[in-house]
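# Report on the structure
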Amino acid sequence: MFQASAEAYDRFVGRYGPALAAELLETAGVKPGLHVLDVGCGPGALTTGAARIVGPAQVAAVDPSQPFAEACRARVPGADVRVAAAESLPFEDGTFDAVLSQLVVNFLSDAPGGVAEMRRVAKPGGVVAGCVWDYGGEMTMLRTFWDAAAALDPERTAPLMEAHTMRFARPDELGALWRSAGLAEVEVSPIVVEASYDDFEDLWAPFPTGVGPAGAYAASLDPEPQALLHDEYARRLGQPEGPFTLSARAWCAVGRVAD
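Overview of the structure. Starting from 1, residues in each chain are numbered consecutively following that chain's sequence as written. Reporting of local features is limited, given that this is a predicted model, to residues whose pLDDT is at least 70; pairs of side-chain atoms are given and counted only at 80 or more, and all residues count toward the totals for whole chains, interfaces and linings. Computation of side-chain values: all heavy atoms of the structure, hydrogens and water removed.

### Focus on the side chain of His 230
You can see His 230 is positioned in helix H12 (residues 223–236). The classification of residues rests on relative accessible area computed with a 1.4 Å probe and restricted to protein chains. Under 20% of the type maximum is buried, over 50% is exposed, and intermediate values are partly exposed. We classify His 230 as buried; its relative accessible area is 16%. Contacts are assigned to residue pairs that have any heavy atoms within 4.5 Å of one another. Aside from chain neighbours lying at most four places away, what touches His 230 is Phe 200, Glu 201 and Trp 204. Each helix corresponds to a stretch of at least 4 residues labelled H or I by DSSP, and each strand to a stretch of at least 2 residues labelled E; elements are numbered beginning at the N terminus.

### Some remarks on the sheet that holds strand S6 (residues 184–197)
Strand order in this open sheet of seven strands is S3-S2-S1-S4-S5-S7-S6, and the pairing throughout is mixed. Looking along the sheet, the strands with just one partner apiece sit at the ends: strand S3 (80–83) and S6. For this sheet the average axis-to-axis angle between neighbouring strands, irrespective of direction, equals 20°. Two strands pair if DSSP finds at least two bridges between them. In this structure, strand S5 (residues 122–133) lies alongside strand S7 (residues 244–256), joined through seven bridges in antiparallel fashion. Of the residues in S7, the one forming a bridge with Gly 130 is Ala 253. Each axis is a line fitted through C-alpha atoms, taken for helices only over the stretch in contact, and angles between the N-to-C directions span 0 to 180 degrees. Here helix H9 (residues 171–180) sits on the sheet in contact with strand S4 (96–102), S5, S6 and S7, set at roughly 35° to S7.

### Observations regarding the pattern of salt bridges
Whenever a carboxyl oxygen of Asp or Glu lies within 4 Å of a side-chain nitrogen of Lys or Arg, that contact is scored as a salt bridge. Under the counting rule described, the total for this entry stands at 14 salt bridges. In this structure, Asp 80 engages Arg 82 in a salt bridge whose closest nitrogen and oxygen atoms are separated by 2.8 Å. On the basis of relative accessible area, Arg 82 is assigned to the partly exposed category, the value being 31%. Between Asp 97 and Lys 123 there is a salt bridge, and its shortest N-O distance comes to 3.4 Å. With Asp 97 in strand S4 and Lys 123 in strand S5, the pair connects residues that are 26 residues apart, well separated along the chain.

See the structure below:
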């Protein structure tokens, strides 16, 4: 799902990435002088935002996808970008002032282990923060896509819908995950961002490339059912013919490593 090009990801949920990164960095209290790690950096939206605040030399990033890590490295020259998984971070204990993850924990093979690793590499008193989409609620692009898919193909889509499969997409679950890693002062708050589209085809174009669970489902369809899904998705969004925007809500957890 995440071996597609960085450009395809940018046109998909990556379109929300810069605005989401800015809000996450502010919520986490990232300021000049801090040493920051971006876990699951993707093509680099959060890495780029962090580098603007603290400078590229103060930023490290990891992602298990080689194409995404290469894209991040190219977009943020001077940052320490490595191919690695969140569950096994290639850094010493207590290295970073802030360890952040954007739209990552639901895709980890071991989410508690990944957050525990994030805590391990954070300094005493450091912050560990992450955000996830509100898949079953106000992440309009994905929720409406799956509503359209379920209307056409309910039996197949039921086990695939992110509102059902993503464990940590609600505030209570996300906060419990942070606390289970031994983090203190855990708070969960909403972040709402928007993305703009030229028209519906601008929104639809990245889905058949197979990015993410929704894209993987769209790409798996034969031409006729894919065309039916295209039309049902557009209908549920009000048949937009020109430019439009969609809002998206994420939940953000912030915790601290005890001194």
